[in-house]
Amino acid sequence: MQHRRNEDNLYWLVLLVMGALVAGITALALRAGQPGGTPLALWAGVASLVGLLAAVLVQWRLIRSLDDARRHAREAERAATQARAQLDAALDILPDALSFYDADDRMVLCNARYRELYPESAHLMVPGTRFEDIVRHAAQAGTMVEAQGHIDDWVRQRVAMHLREQSHLLQETAGDRWMRVIERRTPDGGIVGLRTDMTEYVRKERQLAHANEKLALLSTTDGLTGIGNRRRFDQRLAVEWLRSARQRAPLALLLVDIDHFKLYNDHYGHLGGDECLRRVALLLAASVRRADELVARYGGEEFVLLLPDCDAESAHYVAQACMEALRQAAVPHARSPSASRLTLSIGLVSMVPDPAQSPDTLVHAADAALYKAKSSGRDRCAGFS
Ligand SMILES: Nc1nc2c(ncn2[C@@H]2O[C@H](COP(=O)(O)OP(=O)(O)OP(=O)(O)O)[C@@H](O)[C@H]2O)c(=O)[nH]1
């Protein structure tokens, strides 16, 4: 606008100077031809003077407006520099990392935190650098854990994600650091990104999960023997009952009871009884091989062995192995009416679960079999029929 006004002024100045010159030359010519002068020459002289005066005025205004324009430009530049410095200071004070990329995915600006989070690639974080070049460099420097082993694929996916309308991700970087990244397109097609360091949060969450796992394990562990307790057995039975029903696979249960344990306690004392329970638990735990088989203390001097995918014959084999292990251990039982050493009675059951029935069906059946083993002389395994 100002520029246009200056051009107009110049145009008028040229016109007036030319007009004044023409008038002046005409006056001089007429005066030279008619000594004494004529009114026309007088008017021409006056016009010439007016023209010159106007020219000086216009020139003065032109110089003034040029000065004004220069001053305004300087002020605008100063204001822009100050605004940029204020923006940089404001961005740098933020605890989160901020980045702006233009519609061609080239960096416009970022704050100091952004460079701090990716120090290996900080030298590339200048206006004009492509996002792709920055993340590729970070991946090659080993900063991006997810990129390891397939950098090209990762870079392609990351750039595509950056260009989405909006995206959220939890990014793992070297040194077990975690970043929450939120990116969004701006109305002019650029991309604004916000990164928050979540390392402490992720570590605390992991510690909490670990503590919860330990707590869950503790709450399902028998304090005396260290094997699973009744709660763990109930939980596993519920799961295995449904799984076996779905797969139409046999599920076996051995209910193991120490014979004449009251007499053992009476003779060896309660602490001796505790030690005996620990030994039996160890022997039973050593008698199972598969990871999905469970040995737990059912209560008192009773133990259970839950054996998935196990028919009656295989379950009988496991029961025999348990009794044989105890026979080998030859734990003395001075007060036992049926043997001089500690013996076990085992109730065995194996069935393909009916999902319409409760898992207790299996326990009741094993209990009935155990009763049979006890009543038919102890130191034996009886199957449910
Ligand atoms: N030391 C010790 N004894 C326990 C524990 N829990 C239960 N008992 C004892 O285990 C004994 C179980 O006795 P009973 O149920 O009569 O069974 P039993 O003497 O083994 O007789 P049968 O099973 O018929 O052979 C009781 O004396 C309980 O006090 C324990 O944690 N530690």
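Heads up: the structure comes first, above all this text.
Residues numbered from 1 in each chain as written. Predicted model: local features only at pLDDT ≥ 70, side-chain atom pairs only at ≥ 80, totals over all residues. Heavy atoms only, no water.

1. Some details on the site of the ligand
Move 1: In the neighbourhood of the ligand, 16 residues make up the surrounding shell, with His-260, Phe-261, Lys-262, Asp-274 and Arg-297 lying closest.
Move 2: Within the backbone of Phe-261, an N or O atom sits 2.7 Å from an oxygen atom of the ligand.
Move 3: For the ligand, the protein covers 66% of the area, taking 660 Å² as the surface of the free molecule.
Move 4: Where the shell around the ligand is concerned, the elements lending two or more residues are β6 (251–258) and α8 (261–286).
Move 5: Looking at the shell around the ligand, the element that brings in the most residues is α8, giving seven residues.
Move 6: Class assignment of the residues belonging to the shell around the ligand gives a composition of three nonpolar, five polar and eight charged. (Near = heavy atom within 4 Å. Polar contact = N/O pair within 3.5 Å; in protein donor to acceptor, adjacent residues only side chain to side chain. Areas by Shrake-Rupley, 256 points an atom, 1.4 Å probe, with all protein chains shown as cover. Helix = DSSP H or I, 4+ residues; strand = E, 2+ residues; numbered from the N terminus. Nonpolar A, V, L, I, M, F, W, Y, C, P; charged D, E, K, R; others polar.)

2. As for the sheet that holds strand β1 (residues 97–101)
Move 1: One open sheet holds the five strands; their spatial order is β2-β1-β5-β4-β3, and the pairing between them is antiparallel. Edge strands, defined here as strands with exactly one partner in the open sheet, are β2 (107–110) and β3 (166–173). Looking at each pair of strands side by side, their axes are set apart by 20° on average, direction ignored.
Move 2: As paired elements, β1 and strand β5 (residues 191–197) share five bridges and run antiparallel to each other. What sits directly across from Ala-97, in β5, is Arg-195.
Move 3: Set on the sheet, helix α5 (residues 151–162) makes contact with β1, β3, β4 (177–185) and β5; between it and β3 the angle comes to about 145°.
Move 4: Packing of helix α6 (residues 199–219) onto the sheet brings it into contact with β3, β4 and β5, and relative to β4 it is tilted by some 125°. (Pairing = 2+ DSSP bridges. Axes fitted to C-alpha atoms, helices over the stretch in contact; angles between N-to-C directions. Contact = heavy atoms within 4.5 Å.)

3. Overview of the packing of aromatic side chains
Move 1: Per the stated rule, a full pass over the model turns up five aromatic pairs.
Move 2: Taking the centre distance of 5.8 Å and the plane angle of 70° together, the rings of Tyr-114 and Tyr-118 count as edge-to-face. Each member of the pair Tyr-114 and Tyr-118 is classed as buried.
Move 3: Ring plane angle 10° and centroid distance 5.8 Å describe the contact between Phe-261 and Tyr-264, whose orientation is recorded as stacked. Of this pair, Phe-261 and Tyr-264 both sit in helix α8, separated by three residues, roughly a single helical turn. Here Phe-261 and Tyr-264 have matching classes, each one buried.
Move 4: Put simply, the rings of Phe-261, Tyr-264 and Tyr-268 pair up and form one aromatic cluster. (Phe/Tyr/Trp six-rings, centres within 6.5 Å; stacked < 30°, edge-to-face > 60°. Buried < 20%, exposed > 50% of the residue type's maximum accessible area, 1.4 Å probe, protein only.)

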